[in-house]
Amino acid sequence: MLHGRDRQRVAVDAVLDRARAGRGGVLVLRGEPGSGKSALLAHAASYPAALCVDDAHECDDLTDLLALAREVEGTRAAVFIATEGPPHGLPGVTLDPLDRAASLRVLHDRRPGLPAELAADLVDLACGNPLALVELADALTSAELGGTAPAPTTLPSDSALRTRLRARLDALSAEAVRAVAMAAVDEEVDADALLVLGVDPRAVEEAGELLDPRRLIRSTLRTELPPTARYEAHQALAAALPPGPRRTWHHAATTPAAARDPNTGRPADQPAADRLADRPAAEAFADQLFEAAQRARLRGDHVSAARDHDRAAALTGDPGLKAHRLVSAAADHWAMGAAHRSRAVLRVAERLTDDPDLRALTDLVRGGIDLGDGLPDVAARRLVRAAEGLVGTRRALAIAALGFAGEAASIAGDHQRHADIAAFAERVRAPDEPPATRITLDHLVGMSATFAGRHEQALPHLRSVVELADRVPHPQAGIWGAQAAYVLGDAARAHELAAGAVTAARESGLTALVSWALVYRALSALLLDQHAVALSAATEGAHAATALGQHNAVVDHLTILALLAAFRGDTDTALHNIDAANEQIVRRGLGRSGTFGAWAFACVDLALDRPADALDRLRLKATGVHAGIRVMAAPQVVEAAVGCGRPSTADRALQRFEKWAGATNCPARMALSHRCHGLLSEGPRSDEHFREAIRLHRESGTAMELARTELLYGHRLRRTRKPRAARELLRDALKIFQSYEADHWVDRARAELRAAGETTAPVGQAADLTPQQARIARLVAEGATNREIAARLFLSHRTVEHHLRNMFTRLGVRSRVELTRMIG
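In this report, we go over the structure that sits alongside the text. For clarity, every value in this text was computed on a predicted model and none was experimentally measured. (Residues numbered from 1 in each chain as written. Predicted model: local features only at pLDDT ≥ 70, side-chain atom pairs only at ≥ 80, totals over all residues. Heavy atoms only, no water.)

**Brief notes about the overall build of the chain**
What counts, and what does not: Numbered from the N terminus, helices here are DSSP runs of H or I no shorter than four residues, and strands are runs of E no shorter than two. A radius of gyration in this sense is built from C-alpha atoms; the matching globule rule multiplies 2.2 Å by the number of residues raised to 0.38. Burial status follows relative accessibility: with a 1.4 Å probe on protein chains alone, a residue under 20% of its type maximum counts as buried, one over 50% as exposed, and anything between as partly exposed. Values of accessible area rely on a 1.4 Å probe in the Shrake-Rupley scheme; residue burial ignores everything except the protein chains shown. Working convention for charge: Lys and Arg count positive, Asp and Glu count negative, and His plus the chain ends are omitted. Lysine's charge is taken at NZ, arginine's at CZ, aspartate's at CG and glutamate's at CD.
In terms of helices and strands, the chain carries 44 helices and four strands. Against the globule reference of 28 Å for 824 residues, the chain gives a C-alpha radius of gyration of 31 Å, in line with a compact fold. Counting only C-alpha atoms and orienting by the principal axes, one finds that the chain spans roughly 95 × 85 × 45 Å. The 824 residues of the chain split such that 55% are buried. When the accessible surface of the chain is totalled, it reaches about 34,400 Å², and 53% of it is carbon and sulfur. Here the chain contributes 101 positively and 104 negatively charged side chains, and the mean placements of these two sets differ by 6 Å.

**Points about the pairing of strand β1 (residues 25–30)**
Formally: Pairing between two strands is assigned when DSSP locates at least 2 bridges connecting them.
Among the six residues that make up β1, five are buried, leaving the element largely enclosed by the rest of the structure. Direction of pairing for β1 relative to strand β3 (residues 78–83): parallel, over a ladder of six bridges. Within the sheet, the bridge partner assigned to L29 lies in β3 and is A82. With three bridges connecting them, β1 and strand β4 (residues 92–94) associate as parallel partners. Bridge assignment links V28 to a residue of β4, and that residue is G92.

**Examining the packing of helix α31 (residues 591–607) against helix α32 (residues 611–618)**
Rule in force here: Helix axes are fitted to C-alpha atoms over the stretch in contact, other axes to C-alpha atoms as well, and angles between N-to-C directions run from 0 to 180 degrees. Any angle between 65 and 115 degrees counts as roughly perpendicular, while under 35 counts as roughly parallel, over 145 as roughly antiparallel, and the rest as oblique. Handedness of a crossing follows from how the near helix is turned relative to the far one, being left-handed for an anticlockwise turn of less than a right angle and right-handed for a clockwise one. Pairs of residues are marked as contacts when any of their non-hydrogen atoms sit within 4.5 Å. Gly falls in the polar group here, along with every residue not listed as nonpolar (Ala, Val, Leu, Ile, Met, Phe, Trp, Tyr, Cys, Pro) or charged (Asp, Glu, Lys, Arg).
It is at 7 Å that the axes of α31 and α32 come closest, and there the two elements cross at 165 degrees. Our classification of the angle between α31 and α32 gives roughly antiparallel. Helix-helix and strand crossings are classified by hand; for α31 and α32 the assignment is left-handed. For the pair α31 and α32, contact is made by A598, W599, F601, A602, D605 and L606 and by P611, D613, A614, R617 and L618, respectively. Broken down by class, the residue content of the contact of α31 with α32 amounts to eight nonpolar, no polar and three charged.

**With respect to the pairing of strand β2 (residues 50–53)**
Stated formally: Looking down the strands as they point away from the viewer, one classifies a crossover as right-handed if the path from the first strand across the helix to the second runs clockwise.
Pairing between β2 and β3: four bridges, direction parallel. Counterpart to V53 in the pairing with β3 is I81. A crossover connection joins β2 to the parallel β3 through helix α3 (residues 63–69); in handedness this β-α-β unit is right-handed.

**Points about helix α28 (residues 531–548)**
Selection criterion: Helix span is expected to be 1.5 Å times the residue number reduced by one.
In a regular helix each residue adds 1.5 Å, so 18 residues correspond to 26 Å; α28 covers 26 Å between its end C-alpha atoms and thus fits that length. For α28, every residue scored as buried is listed here: H531, A534, L535, A537, A538, T539, G541, A542, A545 and L548. Contacts made by the buried residues of α28 are with α27 (514–527), α29 (551–568), α38 (703–719), α41 (771–781) and α42 (786–793). Positive backbone phi, at 70 degrees, marks G549, one or two positions downstream of α28.

**With respect to the sheet that holds β4**
In a beta sheet, neighbouring strands pair by backbone hydrogen bonds and run either parallel or antiparallel. A sheet is described by the order of its strands in space; here four strands give the open sequence β2-β3-β1-β4, paired in parallel fashion. Two strands bound the open sheet, and with one partner strand each, they are β2 and β4. Direction aside, the axes of adjacent strands within the sheet are offset by 15 degrees on average. In the packing of helix α1 (residues 6–20) onto the sheet, the strands contacted are β1, β3 and β4, and the crossing angle to β1 comes to about 160 degrees. Along the sheet, helix α2 (residues 37–44) contacts β1, β2 and β3; its crossing angle with β3, the most-contacted strand, is approximately 165 degrees.

**A word on the layout of surface pockets**
So the rule is basically this: With a 1 Å grid spanning the protein atoms alone, the term cavity applies to any set of points in which a 1.4 Å probe fits but cannot get out, the term pocket to an open set with protein on both sides within 12 Å along at least five of seven lines, and the term lining residue to any residue with an atom within 4 Å of a point. Grid points are joined across faces, edges and corners, and a volume is the space filled by probe spheres set on the points.
As a volume, the second largest pocket reaches approximately 1,300 Å³. What lines the second largest pocket is a set of 40 residues, among which R297, L364, L397, A400 and H474 lie closest to the centre. Elements represented by at least two residues in the lining of the second largest pocket include exactly α15 (279–298), α17 (319–335), α19 (356–373), α21 (395–412), α23 (435–451) and α25 (475–488). With nine residues, α17 is the largest single contributor of residues to the lining of the second largest pocket.

**Side note on unusual backbone geometry**
Residue D55 is not a glycine yet carries a positive backbone phi of 50 degrees. By the secondary structure assignment, D55 is in the loop between β2 and α3.

**Here's the deal with the nonpolar core**
In plain terms, the rule: Working definition of a nonpolar core: buried Ala, Val, Leu, Ile, Met, Phe, Trp, Tyr and Cys residues. They are joined through side-chain atoms within 4.5 Å.
In this structure, L402, I439, W516, Y520, L563, W599 and F737 are the most contacted members of the largest nonpolar core, which totals 164 residues. Here this core takes 12 residues from α29, the largest share from any one element. With residues up to four places along the chain from it excluded, the contact list for W599 reads L563, F567, L618, I629, M632, A633 and Q636. Grouped together as the second largest cluster of nonpolar side chains are 28 residues, L165, A207, L221 and A229 included.

**Details of the state of the cysteines**
Convention followed: Disulfide assignment relies on a single distance test, namely cysteine sulfur atoms paired within 2.5 Å.
Here the structure, examined in full by the defined rule, presents zero disulfides. Between C59, a free cysteine, and C52, which holds the nearest cysteine sulfur, the sulfur-to-sulfur gap is 14 Å.

**Description of the pattern of salt bridges**
Formally: Definition used for salt bridges: Asp or Glu carboxyl oxygen within 4 Å of a side-chain nitrogen of Lys or Arg.
Applying the stated criterion across every chain yields a total of 61 salt bridges. The salt bridge involving D363 is made with R385; its shortest N-O contact spans 2.8 Å. In this pair, D363 is assigned in helix α19 and R385 in helix α20 (residues 376–390), connecting sequence segments 22 residues apart. Residue classification places D363 among the buried residues on the basis of a relative accessible area of 11%. The salt bridge partner of R592 is E407, with a shortest N-O separation of 2.9 Å. Placement of R592 in helix α31 and of E407 in helix α21 is noted, with a sequence separation of 185 residues between them.

**Notes on the packing of α32 against helix α34 (residues 634–643)**
With their axes 8 Å apart at the nearest point, α32 and α34 run at an angle of 135 degrees to one another. The angle between the axes of α32 and α34 places the two elements in the oblique class. In this structure, α32 crosses over α34, and the sense of that crossing is left-handed. Judged by residue contacts, P611, A614, L615 and L618 of α32 engage Q636, V637, A640, A641 and G643 from α34. Residues belonging to the contact of α32 with α34 are distributed by class as follows: seven nonpolar, two polar and no charged.

Structure, rendered in structure tokens:
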């Protein structure tokens, strides 16, 4: 099975091609057990003159094999060596663990229709090992597939990987088994920690790869180790560790209490003979761990908080209290970006009690998860229900739920629901509302008024949000503040708050908020005309969201990347990212992303001289269209309407845009308003509007939009027989487009210059690589193919090829090898 191994298969095929051509070849395939080495050997074995050697690391003497491998040069033979050891100086490829997307493809190929939550649990357990994914998928029971039994927490008993680990464990000395057991029962114990704890270095070395910290290895070893070995490991750690929650947990595991796995409800690490009923001791340990978890949460250590809440729940006997502690653990798992773990814990908690308070808390956490990776309309309903259940007992959490519900409605483009949520917020507002909750309430009311076009009513609420963002020490406050500042047209303040929110989210362990904050960092950079910064933020956001499984945020960033590419005239990349986002937009009902995508597609239409298509795309009135983004796209509506000879069709869109721009008094947006009027009017009046637009562009520092305005005005001047004035504007536009790598617009400006009588259009000077080209060069140096570069940077394959051609010309190199050498 070669899922996710395209690059390695290409390397194998290249060696086979060399052999067929009489040049011979050798390739070492390095990887852990189950990584796909044997499958690649099987792929190569169809060639008659291929020598395929598996598990070469188990050979006592490789001398003859290595000598043979070095002698195939100039023959029709190919040698392939699979090993877990070093390559011994031979050419090789490493089979790294599969990423999340490739892992999911393996599972869905093996089990079509596999439930999403179960698939996420299996991906988390398998840690990117292809064989583990296959074995876990094949062993699923009907109860597990139907959701009536929890997901597996270890490899199946007949697993080949598990058998291999068992054999290695059985071959160890007693002291090495002790080292493995100590690591298996404590995820923070590694080889270095064992040495500090006084374990014999020879035993640590003997344990070797069985000290691998990944969940797949440790969960399997915990199952395979004898109960006495686990018990003794807990005893040793309880005696050796300093006071703290880890020591408390190991002490608890050595008492005769029924500690249980928080996910399965089955007994955890104690030997069966010791599972008596020393409940008071267990409850005391549970209380200590819960208190430690609360302290960890306060200092922003959600990893430790999740661990200790889980452990406290495992030691808690009362079902209601256990359920509440599990929900606390789930909240911490979500905050640190482990949504799949959060869901698994919530499923256990929900079976324990029907307490209304617990249901509301569960709805709050589940709603937060769905906000990033679910249906936003479902998330909004669930979060409103959570707010209704919490408002009488946990008011701050209820208001937080309302804030998330409003964001879910915005993602869906459901402005009526957003208005209803804002009305709820007004009803629960207190006269002396503290800053931590007032910022959320003001944000809801201000954004609702903005969506409805009541900008004067929105202004005081949004200004309050921006002011409070500095006073509330939470990354969510920075996100609310950045969005409010962006709507108000204060791009610099929005960018400052968004950047601060990204940093604060990381420093406080609230990883789940990072990609959300990066949305507003990208948008504010775009408003500032800092395209390279916007590109970096959106690319980072897409990768961060992908890593956490936040697919709604991935789509947000993809459509922003599409918009950036469309503004530059890179139509291939824009369409590539729109296509990548469209399926999820439709399936999940992502109205905000869908409106961004339509705006980007309209910009593509305009770049390709299809104004009628652009106008039709921007005038759609389907449900789920995001009102705020539709207003932002008004300049393209005007340009499209004028381009296809239907200027009056843009009147309403321009009125909405001017109402917003006028209320916020944003120079960048006022410049666009004047550009629109310049396009819609004639004669001196048109000139006045274009000149004022250019002045405001320069005042706001929006160079790319300045160049677009100069191009449009230059075209107008040329058509009205003012070529000299046109050339002056077009030369400036050309220089700006060149600095932004906007090659399409460079060509358009040159064409306009030629039409205006310029005999030799200026050519830009050779310069250092642009930020985008530098990123591509670094990936080339790492050995990435064009398709891999395109995937990493969210570009089209053709765009990568185009950049490479330009880089070769600019730097005077002729190949990827020369480029790699040059950048060192």
